[in-house]
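# Chains, contacts and geometry: an overview
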Amino acid sequence: MIAHIEGKIDAKSEEVVVIEAGGIGYEVHVPTPVIDQLPAEGELCKLYVHSNFREEDGTSLYGFATVQDRDFFRLLLTVSGIGPKVGLGIMSGATVEEIAEAIVTEDLKTLTRMNGVGKKTAQRLVLELKDKVAKLRIMHHAKKQVKGDTTSTDAVDALVALGYSRQAASDAVAKARENFAAPPLVNELVVASLRYAAK
């Protein structure tokens, strides 16, 4: 399986970029935001790739700017009824953070604005991915070693992802923060806040 492709941009269009690497031109389907971020034709770029095989079409490549974006795309593909085309449409319509927020908060209105996503697909996204996305967000927040007000904000977001209301999360984080003499890490603050959080 191809993990990433690094080479010269031979051509690019609205959703496809051709990257020449080792004398081979790889046609890679990418979300619209990635196209906008790519350098000009003839310059070098690197994309993290998901390979998809279909008997009638052969292997198609889907490229992303980061490993995290590629892995989120793969997560979308685990939802029944979502194939690479719809997954690409979803990731063309919003950032990973925005999509994750919509799934965790069950924001069907935002999800149905994305290409290829109707009400039933939006409901499946929430049903099948809410817990997985919430855990990913918790892990992401726990890895951050930021200080000051940003730490409190991230801790509140982490508690909201666990199912607490934003008000309850804010109150719990404020109480927990008083127990630290020095600015805590996000994961420390989240754990301490759980003692005060009420659903």
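Read on for an overview of the structure. Just so it is clear, the structure is predicted and the values come from calculations on it, not from any experiment.

Parameters at a glance
- Residues numbered from 1 in each chain as written.
- Predicted model: local features only at pLDDT ≥ 70, side-chain atom pairs only at ≥ 80, totals over all residues.
- Heavy atoms only, no water.
- Pairing = 2+ DSSP bridges.
- Helix = DSSP H or I, 4+ residues; strand = E, 2+ residues; numbered from the N terminus.
- Axes fitted to C-alpha atoms, helices over the stretch in contact; angles between N-to-C directions.
- Contact = heavy atoms within 4.5 Å.
- Buried < 20%, exposed > 50% of the residue type's maximum accessible area, 1.4 Å probe, protein only.
- Expected span 1.5 Å × (residues − 1).
- Arc of directions from axis to C-beta.
- Polar contact = N/O pair within 3.5 Å; in protein donor to acceptor, adjacent residues only side chain to side chain.
- Salt bridge = Lys/Arg side-chain N within 4 Å of Asp/Glu carboxyl O.

What follows concerns the sheet that holds strand S3 (residues 24–29). Judged by pairing direction, the barrel is mixed, and its five strands sit side by side in the order S1-S2-S3-S5-S4 before closing back on the first. Across the sheet, the axes of successive neighbouring strands diverge by a mean angle of 55°, strand direction being ignored. Bridging between strand S1 (residues 4–12) and strand S2 (residues 16–21) involves four bridges; their strand directions are antiparallel. By the bridge assignment for S2, lysine 12 is matched with valine 17. Lying over the sheet, helix H2 (residues 67–77) contacts strand S4 (44–54) and strand S5 (58–64), oriented at roughly 15° with respect to S4.

Moving on, we get to the pairing of S5. For S5, the tally of buried residues reaches six of seven residues, placing the bulk of the element in the interior. Here S3 pairs with S5 via two bridges, running parallel. Considered in S5, the bridge of valine 28 is made with leucine 61. With seven bridges connecting them, S4 and S5 associate as antiparallel partners. Among the inter-strand pairings, tyrosine 48 is bridged to a residue of S5, identified as phenylalanine 64.

This paragraph deals with helix H3 (residues 84–93). Across the ten residues that make up H3, a large majority, seven, are buried. Among the residues making up H3, those that are buried are Pro84, Gly87, Leu88, Gly89, Ile90, Met91 and Ser92.

The subject of this paragraph is helix H8 (residues 166–177). Across its twelve residues, H8 extends 16 Å between first and last C-alpha, which sits within 8% of the 16 Å expected from 1.5 Å per residue. Along H8, the residues that are buried comprise Ala168, Ala169, Ala172, Val173 and Ala176. For H8, the arc enclosing every buried residue in end-on projection is 130°, short of the 170-degree limit, so these residues lie on one face. Measuring from the side-chain oxygen of the N-cap residue of H8 to the backbone nitrogen of alanine 168 gives 3.1 Å; that N-cap residue is serine 165.

In this section: the pattern of salt bridges. Throughout the structure, instances matching the rule amount to three salt bridges. Among the ionic pairs, arginine 74 bridges to aspartate 71, the shortest N-O distance being 3.9 Å. Of this pair, arginine 74 and aspartate 71 both sit in helix H2, separated by three residues, roughly a single helical turn. A relative accessible area of 26% means that arginine 74 is categorised as partly exposed. One salt bridge connects glutamate 106 with lysine 130, and the closest N-O pair in it is separated by 2.7 Å.

Along the chain, the position of serine 193 falls in helix H9 (residues 186–193). Non-local contacts of serine 193, meaning those with residues more than four positions away in its chain, are made with Leu159, Ala172, Val173 and Ala176.

As far as function goes, none of this settles anything; it's purely spatial.
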